[in-house]
Amino acid sequence: MRILLKMHPMLSSLSLLCTLIVPSLSSDSAVSALKPFHPDSFPKNVANCKAINRHEGVEKDIQIQYVEVNSLASKTIVMVHGWPGLWTNWAHQILEFQDDYHIIAPDQRGFGASTHPGDVEASGTMGDLVADLVCVLKDTGVNNAICLGHDWGAQVCWEAARMRPDIFEAVATAVLPYIQASGPFTPTSALVGVLPRLAYQLYFQDQTATAIEELDKDVRKSLRAVYRSVESPPPDAFLKSTDSFLEAYGDAEIEAIPYMTKEEEDYLVEQYSIQGFKNTLQFYTHTNRYAAWELDHTQANYTIHQPALSILPTRDPVADWAAAAKVLGSAKFVPNLATETLPTAHWIQLEKPVEFNAMLRKWLDALPISGDSQTAEKTAETETEQKHFVDEL
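**Points about the nonpolar core**
So, step 1. Ranked by size, the top nonpolar core spans 118 residues in total, and within it Trp83, Phe204 and Phe245 carry the most contacts.
So, step 2. In this structure Phe204 touches Trp83, Ala211, Leu215, Phe245, Leu281 and Tyr284, once residues within four positions along its chain are discounted.

Below, the structure is given as structure tokens:
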């Protein structure tokens, strides 16, 4: 907490911190007690979307793959993963809510079989990723949705709610609190001194091609390295190198992901083997990060009026997110915010899915009916005041 308070001037970039770390307080017995999840039993749809390759200066067609469940339900939840995630990160939430909600769970551009315009450095901004969500919703014929995001997916959902309140009627996030961009842009290098576990982000940023090659060499090892748990932690030196992602593990074999079945881990590896990690590092490149901050800062519409839920882990090794939320004053910019905490590390919805789902359901059940609340009225006012910048992009 003391560190967070001292680094307050740099917190406008803390969204970078959330990409990582090693999760889980769940035991193997807890995993086996949950409903079985079989990824291959969920067919995928494909949304054909437009995307800009800024390096080439051309518009391209990309295909965003997504899972859709219970399309006849009256309320829709779009579930957005982070890095290195996939739609299956929402396994326990899909099984819990599939009878009550229309669920859409995409693989973000560059992940799994979802394609990418090809420019990892500059063609994966938050505006781009929000536009992909809008494209997917249009493909399903959905006009309004609740956005549920984890890690970088949380950042995408916060931005979706901010940019398109006409579409995203509520937002729920795991790990990352809302970080508005009213302050100056802060490069990752300025944060590593106080948060040494962010060193890997400099590696991803400054040596992107080398990092991709290292990650792709052994996909299973790369994924297992990140999906760790409290009971099965990574080496202390993990994430602290600016020249390698996996060197802390040496040549040792990494244990299986503790809160996934073999079937789930195999599916994750299979999907990452389709096109590798090459475009998933879009979250870390300087050009994408600066462009995302610049768009937010220029628009200056920092307040999110929709109902919002933030579920924060209290044992994430990278940062104390509950303390960060207080320092950032997140609640000031999200006046209809509810905050909960769970004693987990990074992968909160996988580590304690029962508790996570209970918090999420309680919040969902309390949401106002569209059009019947002051929140809805305020959101409508916001819609008329701002342009749809994502459409322009």
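**Considering the packing of aromatic side chains**
So, step 1. Throughout the structure, instances matching the rule amount to 27 aromatic pairs.
So, step 2. Between the aromatic rings of Trp83 and Tyr284, the centroid separation amounts to 5.7 Å while the plane-to-plane angle is 85°, which identifies the pairing as edge-to-face. With Trp83 in the loop between β3 (76–80) and α3 (91–97) and Tyr284 in the loop between α10 (262–275) and α11 (286–299), this residue pair connects regions lying 201 residues apart in the sequence.
So, step 3. For Trp83, a relative accessible area of 0% corresponds to the buried category.
So, step 4. Classification of Tyr284 as buried rests on a relative accessible area of 2%.
So, step 5. Measuring from ring centre to ring centre gives 5.4 Å for Tyr290 and Trp293, while their planes differ by 45°; the resulting arrangement is tilted. Here the residue Tyr290 and the residue Trp293 both occupy positions in helix α11, the gap between them amounting to three residues, near one helical turn.
So, step 6. On the accessibility criterion, Tyr290 (33% relative accessible area) is partly exposed.

**Looking at the state of the cysteines**
Disulfide: a covalent bond formed between the sulfur atoms of two cysteine residues.
So, step 1. As enumerated under the stated definition, the model contains two disulfides in all.
So, step 2. Here Cys49 is linked by a disulfide to Cys135, with a sulfur-sulfur distance of 2.1 Å. In this structure the cystine formed by Cys49 and Cys135 twists about its S-S bond by roughly -95°; its chirality is therefore left-handed. Residue Cys49 is located in strand β1 (residues 44–53), and its partner Cys135 is located in helix α4 (residues 126–140); the two are separated by 86 residues in the primary sequence.
So, step 3. By relative accessible area, which is 3% here, Cys49 ends up buried.
So, step 4. A sulfur-sulfur distance of 2.1 Å marks the disulfide that ties Cys147 to Cys157. Here the disulfide of Cys147 and Cys157 is left-handed, its torsion about the S-S bond being about -70°. Taken together, the residues span a long stretch of sequence, with Cys147 in strand β5 (residues 145–150) and Cys157 in helix α5 (residues 152–163) at a distance of ten residues. Neither Cys147 nor Cys157 differs from the other in exposure class; each is buried.
So, step 5. Going through the protein in sequence order and numbering each bonded cysteine, the pairs you get are 1-2, 3-4.

**Notes on α11**
The α-helix winds at 3.6 residues per turn, so residues separated by three or four positions along the chain end up facing the same way.
So, step 1. Between its first and last C-alpha atoms α11 spans 20 Å; for 14 residues at 1.5 Å apiece the expected length is 20 Å, and the two agree.
So, step 2. Every buried residue of α11 is listed here: Asn288, Arg289, Ala292, Trp293, Leu295, Asp296 and Gln299. In a view along the axis of α11, the buried residues occupy a sector of 160°, so they form one face of it.
So, step 3. Ala300 occupies a position one or two residues after α11 and carries a positive phi of about 65°.

**Describing the sheet that holds strand β7 (residues 308–313)**
So, step 1. Pairing is mixed in the open sheet, where eight strands are placed in the order β1-β2-β4-β3-β5-β6-β7-β8. Both edges of this open sheet fall to β1 and β8 (337–342), since each of them pairs with a single strand only. Each neighbouring strand pair of the sheet contributes to a mean axis angle of 25°, computed without reference to strand direction.
So, step 2. With six bridges joining them, β7 and β8 adopt parallel strand pairing. The partner of Ile311 across the bridge, within β8, is Glu340.

**Brief notes about unusual backbone geometry**
So, step 1. Residue Trp83 is joined to Pro84 through a cis peptide bond whose omega torsion reads -10°.
So, step 2. Position of Pro84 relative to the elements: it lies in the loop between β3 and α3.
So, step 3. In this structure, Ala300 is a non-glycine residue whose phi angle is positive, near 65°.
So, step 4. Within the fold, Ala300 resides in the loop between α11 and β7.
So, step 5. For Ala300, a relative accessible area of 41% corresponds to the partly exposed category.

**Here we look at the pattern of salt bridges**
So, step 1. Applying the stated criterion across every chain, the model contains 17 salt bridges.
So, step 2. With a shortest N-O distance of 3.0 Å, Glu159 and Arg162 are connected by a salt bridge. Placement of both Glu159 and Arg162 in helix α5 is noted, with a separation of three residues, approximately one turn of the helix. Across the pair, Arg162 and Glu159 agree in class, each one buried.
So, step 3. Close ionic contact of Asp266 with Arg220 constitutes a salt bridge, the shortest N to O distance being 3.1 Å.

Definitions and limits used
Residues numbered from 1 in each chain as written. Predicted model: local features only at pLDDT ≥ 70, side-chain atom pairs only at ≥ 80, totals over all residues. Heavy atoms only, no water. Core = buried A, V, L, I, M, F, W, Y, C linked by side-chain atoms within 4.5 Å. Buried < 20%, exposed > 50% of the residue type's maximum accessible area, 1.4 Å probe, protein only. Contact = heavy atoms within 4.5 Å. Phe/Tyr/Trp six-rings, centres within 6.5 Å; stacked < 30°, edge-to-face > 60°. Helix = DSSP H or I, 4+ residues; strand = E, 2+ residues; numbered from the N terminus. Disulfide = S-S within 2.5 Å. Expected span 1.5 Å × (residues − 1). Arc of directions from axis to C-beta. Pairing = 2+ DSSP bridges. Axes fitted to C-alpha atoms, helices over the stretch in contact; angles between N-to-C directions. Salt bridge = Lys/Arg side-chain N within 4 Å of Asp/Glu carboxyl O.

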